[in-house]
Every structure is written in C-alpha cells, then in structure tokens.
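# Notes for the structure review
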Amino acid sequence: MADPLVVIYGSTGTGKSDLAVELAARFNGEIINADAMQMYRGLPIITNQLNPEEQRGIPHYLLGNIGLDEEPWSVTSWKREATKIISGIRSRGKLPIVVGGTSYYLDGLLFDEKLVESDPAMTEESEAAAKITREELASQHPILRESAEVMLAKLQEVDPVMAERWHPKDIRKIRNSLEIYLTTGRRASDIYAEQRARKEAKRAGQPPSPWNLLLFWLYAKPDVLNARLDKRVDKMVTNGLVNETSSVYDYLQGRLAAGETVDRTKGIWQSIGFRQFESYLSAVKSTETETPQAVLEKLKQQGIEDTKTATRQYAKYQVRWVARKTIAALQEENLLSKFYLLDSSNISQWHSEVAEKGSFLLAKHLADRPLPRPEELSETAREVLANQLERSNRPETICNKTCEVCEKEFRIEEQWQKHLKSKKHQKATRWAKRQAEGWPTRGEGKRDKAEGTDDDAAADADADDDGLVPKP
Ligand SMILES: [Zn+2]
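What you see as residue numbers is a count from 1 along each chain, following the sequence as written. Reporting in this predicted model follows two pLDDT cut-offs: at least 70 for local features of residues, and 80 or more for side-chain atom pairs to be given and counted; totals over whole chains, interfaces and linings ignore these cut-offs and use all residues. Only hydrogens and water are removed before side-chain values are computed, so all heavy atoms of the structure are retained for them.

## Things to note about the overall build of the chain
Each helix is a run of H or I in the DSSP string that is no shorter than four residues. Each strand is a run of E no shorter than two, and both are numbered from the N terminus. The helix and strand inventory of the chain stands at 21 helices and 8 strands. Burial classes follow relative accessibility: with a 1.4 Å probe on protein chains only, a residue under 20% of its type's maximum area counts as buried, one over 50% as exposed, and anything between as partly exposed. Split into buried and exposed, the 472 residues of the chain put 43% on the buried side. When checking whether two residues touch, look at their non-hydrogen atoms; a contact exists if any pair is within 4.5 Å. Residue pairs in contact within the chain that sit at least 24 positions apart in sequence constitute 73% of those at least 6 positions apart. Counting every atom, the chain has about 24800 Å² of accessible surface; 51% of that belongs to carbon and sulfur. The protein chains shown are the only cover counted for residues, whose accessible areas, like all others here, come from Shrake-Rupley with a 1.4 Å probe.

## With respect to the coordination of the zinc ion
Any N, O or S atom lying within 2.8 Å of the metal counts as a donor, with the limit raised to 3.2 Å for Na, K and Ca; because water is left out of the atom set, some sites can appear incomplete. Those donors, Cys403 (SG), Cys406 (SG), His419 (NE2) and His425 (ND1), are the protein atoms that reach the zinc ion, and they lie 2.0 to 2.3 Å from it. A four-donor site is classed as tetrahedral when every donor-metal-donor angle falls between 85 and 135 degrees; four donors are called square planar, and six octahedral, when trans pairs exceed 155 degrees and all remaining angles lie between 65 and 115, with any other arrangement labelled irregular. For the zinc ion, the 4 donor atoms in the first shell make angles of 103 to 119 degrees at the metal, so the coordination geometry reads as tetrahedral. We classify His419 as buried; its relative accessible area is 8%.

## Regarding the environment of Glu179
Note that Glu179 resides in helix 10 (residues 171–184). Residue Glu179 is classed as buried on the basis of its relative accessible area, which comes to 4%. Considered as a pair, Glu179 and Ile398 are 219 residues apart in the sequence and their alpha carbons are 9.3 Å apart.

## So, the pattern of salt bridges
Between side chains of opposite charge, a pair can form when the charged atoms approach closely. One side-chain nitrogen of Lys or Arg within 4 Å of one carboxyl oxygen of Asp or Glu is enough to make a salt bridge. For the coordinates displayed, the defined rule picks out 20 salt bridges. Ionic pairing is found between Asp3 and Arg90, a salt bridge with its closest N-O pair at 3.5 Å. Here Asp3 is found in strand 1 (residues 3–10), whereas its partner Arg90 is found in helix 3 (residues 75–91), with 87 residues between them in sequence. Linking Asp250 and Lys285 is a salt bridge whose minimum nitrogen-to-oxygen distance equals 2.8 Å. Of the two residues, Asp250 sits in helix 13 (residues 241–257) while Lys285 sits in helix 14 (residues 278–285), which places them 35 residues apart along the sequence. Take Asp250: its relative accessible area is 41%, and that puts it in the partly exposed class.

## What about the nonpolar core?
Side chains of a nonpolar character, in soluble globular proteins, are inclined to be buried together. In this description, a nonpolar core means a group of buried Ala, Val, Leu, Ile, Met, Phe, Trp, Tyr and Cys residues linked to one another through side-chain atoms lying within 4.5 Å. Residues Ile8, Trp78, Val98, Phe216, Trp217 and Phe339 are the most contacted members of the largest nonpolar core, which totals 87 residues. Beyond its immediate stretch of four places on either side in the chain, Trp217 contacts Tyr9, Gly10, Val319, Val322, Ala323, Ile327, Phe339, Tyr340, Leu341, Leu342 and Val384. If you look at the next biggest cluster of nonpolar residues, it comprises 18 residues, including Leu137, Ala138, Met162 and Leu178.

## What about the UniProt feature "domain: C2H2-type" (unreviewed entry) in the chain?
UniProt positions are given in the numbering used here, feature names are shortened, and annotations may be inferred rather than shown by experiment. Within this numbering scheme, the UniProt entry marks residues 403–425 as carrying the feature "domain: C2H2-type" (unreviewed entry). Taken end to end, residues 403–425 comprises 52% helix and 26% strand; its first and last C-alpha atoms sit 9 Å apart.

## Here we look at unusual backbone geometry
Trans peptide bonds make up the majority, and among non-glycine residues the majority have a negative phi. You will see that Leu62, though not glycine, has its phi angle at about 55 degrees, which is positive. Structurally, Leu62 can be placed in the loop between strand 3 (60–61) and helix 3. Residue classification places Leu62 among the buried residues on the basis of a relative accessible area of 8%. Positive phi values are uncommon outside glycine, yet Glu407 reaches one of about 55 degrees. Structurally, Glu407 can be placed in the loop between strand 7 (398–403) and strand 8 (408–412). The class of Glu407 is exposed, set by a relative accessible area of 71%.

## A closer look at the side chain of Glu244
With respect to the helices, strands and loops of the structure, Glu244 is situated in helix 13. For the purpose of charge, His is not counted, nor are the chain termini; Lys and Arg are scored as positive and Asp and Glu as negative. One buried charged residue, Glu244, forms no salt bridge at all, with the nearest opposite charge on Arg232 at 12 Å. Sequence-distant contacts of Glu244, that is, excluding residues within four places in its chain, are made with Gly42, Leu43, Pro44, Ile45 and Ile46.

## What to know about the environment of Lys94
If you trace the backbone, Lys94 turns up in the loop between helix 3 and strand 4 (95–99). By relative accessible area, Lys94 is classed as partly exposed at 24%. Sequence separation of Lys94 and Asn28 is 66 residues, and the distance between their C-alpha atoms is 5.7 Å. Ignoring sequence-local partners within four residues, the contact set of Lys94 consists of Asn28, Glu30 and Ile89. A distance of 3.5 Å separates the side chain of Lys94 from the side chain of Glu30, its partner in a polar contact. Residues adjacent in sequence count toward polar contacts only when both atoms are side-chain atoms; beyond that, a polar contact is any pair of N or O atoms within 3.5 Å, and within protein one must be able to donate a hydrogen and the other to accept it.

## Examining the packing of helix 12 (residues 222–238) against helix 15 (residues 293–332)
Interaxial angle, 0 to 180 degrees, is taken between N-to-C directions of lines fitted to C-alpha atoms, where a helix line uses only the stretch in contact. Orientation of helix 12 relative to helix 15, taken along the N-to-C sense of each, is 135 degrees, at an axis distance of 9 Å. The pairing of helix 12 with helix 15 is recorded here as oblique in orientation. Crossing hand, helix 12 versus helix 15: right-handed. On helix 15, the residues touching Leu225, Asn226, Leu229, Asp230, Arg232, Val233, Asp234 and Val237 of helix 12 are Ile304, Thr307, Lys308, Thr311, Arg312 and Ala315. Gly is put with the polar residues, along with every residue not named as nonpolar or charged; the nonpolar set is Ala, Val, Leu, Ile, Met, Phe, Trp, Tyr, Cys and Pro, and the charged set is Asp, Glu, Lys and Arg. By residue class, the composition of the contact of helix 12 with helix 15 is 6 nonpolar, 3 polar and 5 charged. Comment on the angle field: the value is read as roughly parallel under 35 degrees, roughly antiparallel over 145, roughly perpendicular from 65 to 115, and oblique elsewhere. In this scheme the crossing of two helices becomes right-handed for a clockwise turn of the near helix relative to the far one and left-handed for an anticlockwise turn of less than a right angle.

## Quick word on the side chain of His425
By the element assignment, His425 lies in helix 19 (residues 423–436). Accessibility expressed as a relative area gives 10% for His425, which makes it buried. The residues contacting His425, other than those within four sequence positions of it, are Cys403, Cys406, His419 and Leu420.

## So, the pairing of strand 7
Summarising burial for strand 7: 5 of the 6 residues are buried, a large majority. Strand pairing requires that DSSP identify at least two bridges connecting the strands. With 4 bridges connecting them, strand 7 and strand 8 associate as antiparallel partners. In the strand pairing of strand 8, Cys403 is matched with Lys408.

## Some words on the sheet that holds strand 2 (residues 29–33)
On the basis of which strands lie adjacent, the open sheet formed by 6 strands has the order 3-2-4-1-5-6 and parallel pairing. Pairing within the sheet leaves two strands with one partner each, and these edge strands are strand 3 and strand 6 (339–343). In the sheet, strand 2 pairs with strand 4 via 5 bridges, with the strands oriented parallel. For Ile31, the partnering residue across the bridge sits in strand 4 and is Ile97. Its contacts with the sheet put helix 15 on strand 1, strand 5 (211–219) and strand 6, and the angle it makes with strand 5 is roughly 150 degrees.

Rendered as structure tokens:
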C-alpha cells in the first residue's frame, strides 16, 4: 500500500495548525507548513505562527525558514522541497502531515501542475477578445433574430440532440445552441461530448497518487469566522503586532536608504498587518514633522480596522479557493471521498467536532478500515459539500452576450448573470445614466472609478452568493 499522507486545508482562524499538532501528537506525526507567509522568519505574530508551546515539541518543517529579503517560494519550489521532506519523514517511520492556508501549494502537491496554474480568468478574457459581438453575429445570420419556433426548426436540422434537450419556448437556450453551430460549424452536442471524453481520458491516463491520502478541510461559518478574526486581530495588537510591523518597516527603510530597489508587490511587503500600518509608522518615525498624539492614535486605529477588513477578505478568498478550485480538482481526480470537512464554527465544540472526528477518521484510514462518507460527518459538511458539488457539476451554459455599458463580452451565461449583479456593472450603469441625462460629471477621474478598483473587486465578491453559507 502507498504511504499515508494527511493534508489539511482551511482558511485563517479555523484552527488547522492546532489540528495538525493534535494529529501529530496522537499518531506519531511531523508537520510540513504550507503557508507562504509563515515561511518568513521573525514574524510570528503577523503570520500567525503557533508559538513553541503550542507546537508541543512536534517537528515543523518549512516554517520560519526564509529571510525578509527573499521572495515567497513558487509552487514548484515548495512542492519539490515538501516532497523531499515527506519522504524523509516516512523513512523514519513517522506520519507526514501537511497543513497551511496557501491552497495553491497544497493543490500543487496533490494535482498535476497544469491543473493548478491555468488561470480561468485569462482564458475567458482571451476567448472573449476573439469573439464577435452578438449584433454582428445576428447580421451575419439573420435567423438568430427569428422566433423560437423558426430557430428550433433549424436546430432540429443541424443539431437534433440539442434541439431535443430544450423546451420549444426556451428561446435563449435554442439560440445559444444555434449560435454555437453557426459560429463554429460544429454541433454543440458534439462539443460537449468531446469535453466529457477528454476529462474521462485524463482521469484514466493519470498515474495513481503516490500517497494514500486523507484530506481535511477546516471550515467555519462566515459570520462566526469574521467575528473570531476581528477578535484575533485585537489580540495580535495586544501581543505586539505593531512592534513586529515596526521592525519590518525599519528594515525596509534601511534597504531603501541604501539605494536598493525593493519589489513591494511581493513577499512580506504584501502581508496583512504590514501594509495597513505603514501610514501610522511613517508618521511615528518621521523626524521632520511632529504628528499630534491624537492624530497618531487615529492612524493606529485605522491600521487596526484595515487589518481586520483585509483579514476577513483573505479568509473569504481562501474559502472560495477550496470551494471552487480544490473541490473541482478533487472531483476530477476521484478524491472527493477522502475529503472531510470538519466544522470549527463553534470553538467550544472544537475538541469533539475537530480533534475527535479528525482522529477517528485518521485511525480508520491508517488501519485501512472503511470510512464514512464526507457528507455524513456533520450538518455543515452535508450542506457545504452538497452545494459545491451541485455547483461544479452544473454544466455551463454557453452564451454570447455583450454588456454595452462596460464594453465587455461574455461566453458563459453564469458569468454574464454574475456581471449584471456586480457592483462594477451597476456603478457603470448609474454613471452612464447620469451622463445620458446630461448631469454634470465631476471630472474624468469618475470614469476610472467606474472601471473598477480593488474596493469594487471586494464588493463584487460580496455580491456573489456562492452558496457557501448554509441558509438559516
Ligand atoms: Zn456591464
């Protein structure tokens, strides 16, 4: 039998590092860190490292092992090193446990790298760029302006399989299928069948995983998690977050003063808890101007608030990554039956819900005994996993839509619908309406705002209901 390997996914604040230690203590394990920021040395507070007492003497690898001047490791470097360490741990007869919030490291370890590094957004963009607009299409093929009945008759002729699938009154779907035929010269039904066959072939041709895997996903309901993260930031501040940030700030200033160029879009400079306190620190440390105490206090409070916001957004991003990318990849690799969601929403039940359930599953796994189905583990597991599976199995509806306001084109109906609901689109629509009504516009800068800023991206994320939250 292949060597056992435990992998723990989870967002910040779910207690995944504690679970790793608990399992390592009970099952003679050693831990490999998969959190890019925790690889930095000397910043235990900012990066939320377990302190030595919490590590309980368990060996931890790839933790605090790089300097502030180094870039975070690529997935390739991390995977190479982690694989070596895993073999080393096994050769000593111990159980390797990989844990971390950098999901693309974990995905990189488990899956073919092509799967991990393909960026779906890029593909959409390049696809959209190559597409002609719906108007142009209809002028080339006037039948696309006809009634559902006329289009359906044509579809029956060219692609009877798709024609059979749609309700005779569902003009949108009939037109989509017909558009595919007219633009590609191929039947939509053939294209879908090919896509399915490609997936099957990929699955069949793949070497089996070198490891006997057991996977955990530590999950906490968003409202509970957000409140917990806010409290944790306050605790970090009490524990010396600002001192730590200040030392990073001094280090940065030292390098800049020495005339070095520092790429601040990468590495530790992007870590949450550093950027947010920069204005405060630069005011505190300024030798030229003396900032009044009240202003300094205000800047510090702003830093704390911004750190809380950024932490919540990061957690949300981490959850979405696992929910979308990891689950889809696990399904493709037939690994979903080994992917267990542990519910850490209720901290007072952490022991029974997380530590005990995790240990129970791992004991069975190591003894090669049958395991329960992941959705049987808890009500939350059932709801969240079922939602995500339904989502990733839903076939995409091909469309050909153009947003005239934003001058953007869409090939996937779900993305079009999401765009219509997005804050960016609604803002642009309001702006266009004001212009059309002849309202005075407040400078050209306004237009840039409508194109979308980071705030918009965050707001878009909020507007998108991804069914992760079990409805009350
Ligand atoms: Zn739009």
